[in-house]
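Tertiary structure, described
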Amino acid sequence: MDLASFLTSVLTSFVIFVVLVLVFTFLSRRPGNAPVYYPSLLLRGLDPGEGRRRGTRSPVGWIRDAISASETDVIAAGGVDAAVYLVFLSSVLSILVYSGIVLLPVLLPVAGTDRGLELTAAAGISPKNDEKNNSAPELPEIQRLALSNIQPQSMRLWAFLLSVYWVSFVTYFVLWKSYKHVSNLRATARSTPDFKPEEFAVLVRDVPRSSPDETIKDSVDSYFRALHPNTFYRSMVVTDHTKADKIYLEIEDHKKKIARAEVLYANSKTESNPEGIKPTHRTGFLGLIGKKVDTIEYCSEQIKELLPKLEAEQKTTLRDKQQQAAIVFFNSRSVAASASQTLHAQVFDKWTVMEAPEPRDIIWPNLSRNIYERQIRQVVVYSIVFLTVVFYMVPITAVSAISTLENLRKVLPFLKVVVDRPAIKTVLQAYLPQIALIVFLALLPAFLMFLSKAEGIPSQSHAVRATSGKYFYFVVFNVFLVYTLGKTLFTSLRTILDNANIGVIINMLATSLPGGATFFLTFVALKFFVGYGLELSRLIPLIIFHLKRKYLCKTEDEVKAAWAPGDLGYSTRVPNDMLIATVVLCYSVMAPLIIPFGVAYFALGWLIAKNQVLRVYVPSYESNGRMWPHMHTRIIAALLLYQATMIGVIGLKKFIYSPILAPLLPISFIFAYICHMRFYPAFANTPLEVAQHELKETPNMDAIYTAYIPQCLKPDKLEDLDVFEDAQSHSTSRAPSI
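Every chain begins its residue count from 1, and numbering advances along the sequence as written. Predicted model: local features are reported for residues with pLDDT of at least 70 only, side-chain atom pairs are reported and counted for 80 or more only, and whole-chain, interface and lining totals are derived from all residues. Here the side-chain values reflect all heavy atoms present in the structure, with hydrogen atoms and water set aside.

- The name given to the protein chain in an unreviewed UniProt entry is CSC1-like protein ERD4, with Panicum virgatum as the source organism.
- UniProt positions are given in the numbering used here, feature names are shortened, and annotations may be inferred rather than shown by experiment. Under the UniProt heading Subcellular location (unreviewed entry), the note attached to the protein chain is "Membrane".
- Recorded in UniProt under Sequence similarities (unreviewed entry), the annotation for the protein chain is "Belongs to the CSC1 (TC 1.A.17) family."

Laid out in structure tokens, this is it:
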């Protein structure tokens, strides 16, 4: 990509971003759009009009509000997980800012005043006829400010070598402070005076099979009452409530249809037709075929038929469909924290106890899977992930090879007439490879989430962390490594085959590898300008909402469902951010010009994410920052990749002092180990000194217990907990109530 294409890409992306910000400023001030731009405020009972008056009066008003909002405001709106995500963005931003302060004023002049590219071009001259070899890679002007322009064995390489150390130690410093800060955030959240159901419960898996004369419920009660006689409250055995849930959802669906039909019926009443027209539908496939019936009467009859079925299925589920897992409740959160960390059974595959996820976070079908099934599933899933990564290399390598304009013209000659036009050529060079790569990446997250849940993971938040990890290693391996190396090898393959001089090949690789920064410069610019512009403007959710409200929604519940924003989507958001962090980190010394783009990406990302947390997104679960060790580990992985890359690239420059970089790899491993030993245990388990803080009022244990009953198992007649518990046990014994 030449300089003109690069500037076209950046300027076009910037103009699009400015336009989208102005669109956001205009649309967010219209009262009818409040459910799209302020759903979090609406759900918390706050006045979105106040936000419009203060925050979006000018195109930069939302920036002022985002900066002025405290971390406490973020936690109140989006939970600790959202605050930790912002810490992650600000941490990477700090690393890049501190690095750029030194790298930009030092490395740019050092690289820009050398003649490495000229010598590389001279090396491409054929010795037979003194004509330029057409297979020599064409390098853009922007590479004159990169490591590519440094001559082999030049003493200028000292500046780049020392810069690698500077970036590494800046990363250590920032990550240590951030880990400590997040650890304190988590401790504060776990020691609040307000009680939370999950703080009084533990999840018990691998429950041994009980004797024929007792239920699993009786076995769990007797086991934990014997081990915790004074603090055990109750237990709830996990059941297979799939059928009950299906009936319950059918009933709820009929209720929604009745509500919708009643609105349509009321609206059909006019002066000329006071009786109105009763809504009807067909009972066949998708309401398109079958007998035509009165919607209100038909759905009411269906509910009457389903309610006895649900009641019967509830009794059957609670009595006969108990599984080898349970949630055990204690009357003290410090006791629950202690129990979750205590080895209860002598053998490892019985009575596995861990902290309970919060009620809305549980993946119920996975709780009953025994330890051997979980291990087998994990091996199978990671084998599939490995094969997916390997096979995805083929299309992504192909994309990296042919998506450059020159290669596209060779593969598809009939496009020459179109792509040779100057205006079209400039636009295609600027955007074609980046758009092709983004489309490929968009197809993967749902598949990885499915695989993560198939492992037998007990909670949604854990599945999100697992998906994020898989996606991170996938994008780093396939996008960063395969794309960069694939493009370099493809464009230089003929040079390598035709030239037997190993020195020329090494020089070519040393020049071409840093040259990949040009692609990633435009990739980062496209991601943060266009991506964040669309995120802020919310044009797609806005269009969908208004279409649904006008043509589909008839009741208030339907309207509310149309603008429900969901959560931040950490499973894809974090890996995408980590990809950018990895790319910018790895190229920070090779091509320092990428640092300002990385700073812009994470600065805008922090501002926009904070705005969206405060006003838009609603958390679907709360793990109290459990995601941070995952983020920390991935940043360390990116740092190791950066250090290994720089050792190789500077080594290719035949710099005899390049082995000085070798100690950085063990230093990074030691740093990661120290952080893990010092901070991670408080994330894996809740420390007792945190859990023992006093509550402002005595917890309502019945409310805590009820919070974990699946919705399909607690209709009105099962509100009495004694009745619910009797349905799970033939025993008449009772735990003492408090």
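Next, the rest of the story.
1. Let's talk about the overall build of the protein chain
- What the protein chain contains, in helices and strands, is 30 helices and six strands.
- Counting across all 738 residues of the protein chain, residues that qualify as buried make up 51%.
- Residue contacts are counted whenever heavy atoms from the two residues lie within 4.5 Å of one another. Restricting the contact set of the protein chain to residue pairs at least 6 apart, pairs at least 24 apart contribute 83%. Per the convention used, a helix needs a DSSP run of H or I reaching at least four residues, while a strand needs a run of E reaching at least two, with both numbered from the N terminus. Exposure classes here rest on a 1.4 Å probe applied to the protein chains alone. A residue is buried below 20% of its type maximum, exposed above 50%, and partly exposed in between.

2. A closer look at the pairing of strand β1 (residues 201-205)
- Counting buried residues along β1, five of its five residues qualify, which places the element largely inside the surrounding structure.
- Of the two faces of β1, the one holding Ala201, Leu203 and Arg205 and the one holding Val202 and Val204 are both buried throughout.
- Across five bridges, the pairing between β1 and strand β5 (residues 322-330) is antiparallel. If you follow Val202 over to β5, its bridge partner there is Val328.
- One bridge is not enough; two strands pair if DSSP finds at least two bridges between them. Relative to strand β6 (residues 352-355), β1 runs antiparallel, the two being bridged by four bridges.

3. Quick word on the sheet that holds β1
- The four strands are arranged β2-β5-β1-β6 in an open sheet whose pairing can be described as antiparallel. Each of the sheet's edge strands pairs with one partner strand only, and the pair in question is β2 (232-239) and β6. Neighbour-to-neighbour, the strand axes of this sheet turn through a mean angle of 25°, independent of strand direction. To obtain an axis, a line is fitted to C-alpha atoms, over the contacting stretch when the element is a helix, and the angle between two such axes runs from 0 to 180 degrees between their N-to-C directions.

4. Brief notes about a nonpolar patch on the surface
- A residue counts toward a patch only above 30% relative accessible area and without a salt bridge, and it is joined to like-charged neighbours within 9 Å or, for Val, Leu, Ile, Met, Phe, Trp and Tyr, to nonpolar neighbours within 5 Å. Using a 1.4 Å probe, the Shrake-Rupley method yields the accessible areas, and only the shown protein chains count as cover for residues. A side-chain nitrogen of Lys or Arg and a carboxyl oxygen of Asp or Glu constitute a salt bridge if their distance falls within 4 Å. A contiguous nonpolar surface patch, about 410 Å² in accessible area, is contributed by Phe14, Val15, Val18, Val19 and Leu22.
- Examined against the element boundaries, Val15 turns out to sit in helix α1 (residues 3-27).

5. Observations regarding the packing of helix α6 (residues 71-112) against helix α23 (residues 570-587)
- It is the contact of α6 with α23, at a shortest axis distance of 11 Å, that shows an interaxial angle of 10°. As judged from the angle between their axes, α6 and α23 are roughly parallel. Residues Asp81, Ala82, Tyr85, Phe88, Leu89, Val92, Ile95 and Leu96 of α6 pack against Tyr570, Arg573, Val574, Asp577, Met578, Ala581, Val584 and Leu585 of α23.
- Each residue is assigned to one of three groups, with Ala, Val, Leu, Ile, Met, Phe, Trp, Tyr, Cys and Pro labelled nonpolar, Asp, Glu, Lys and Arg labelled charged, and all others, Gly among them, labelled polar. Counted by class, the contact of α6 with α23 contains 13 nonpolar, no polar and three charged residues. An angle below 35 degrees is read as roughly parallel, one above 145 as roughly antiparallel, one from 65 to 115 as roughly perpendicular, and any other as oblique.

6. Section: the pairing of β5
- Judged by how many residues are buried, β5 sits mostly within the fold: nine of nine residues are covered.
- The pairing of β2 with β5 spans six bridges and is antiparallel. Following the sheet pairing, Val237 is matched in β5 by Ala326.

7. Thoughts on the pattern of salt bridges
- Across all of its chains, the model carries 16 salt bridges by this definition.
- Across the pair Arg615 and Asp65 runs a salt bridge, and its minimum N-O distance is 2.9 Å. Of the two residues, Arg615 sits in helix α24 (residues 594-615) while Asp65 sits in helix α5 (residues 61-68), which places them 550 residues apart along the sequence.
- The exposure class assigned to Arg615 is buried, which follows from its relative accessible area of 8%.
- Asp65 gets classed as buried once you look at its relative accessible area, which sits at 12%.
- Asp320 serves as the salt-bridge partner of Arg319, at 3.3 Å between the closest nitrogen and oxygen.
- Residues joined by salt bridges that share partners form a network here, namely Arg369, Glu373 and Arg377.

8. What to know about the packing of aromatic side chains
- Between the rings of Phe, Tyr and Trp (Trp by its six-membered ring), a pair exists once the centres lie within 6.5 Å; its type follows the angle of the planes, with under 30 degrees stacked, over 60 edge-to-face, and the other angles tilted. The full count for this structure, using the stated rule, is 26 aromatic pairs.
- With 5.9 Å between their ring centres and 70° between their planes, Tyr85 and Tyr570 make a pair best called edge-to-face. Residue Tyr85 is found in helix α6, and its partner Tyr570 is found in helix α23; the two are separated by 485 residues along the sequence.
- Following the ring pairs from residue to residue traces out a cluster consisting of Trp176, Tyr179, Trp628, Phe679 and Phe683.
- Note that Arg234 overlies the ring of Tyr705, its terminal NZ or CZ placed 5.5 Å from the centroid. In this scheme, the term charge over a ring applies when either NZ of a lysine or CZ of an arginine sits within 6 Å of the ring centre and within 35 degrees of the ring normal.

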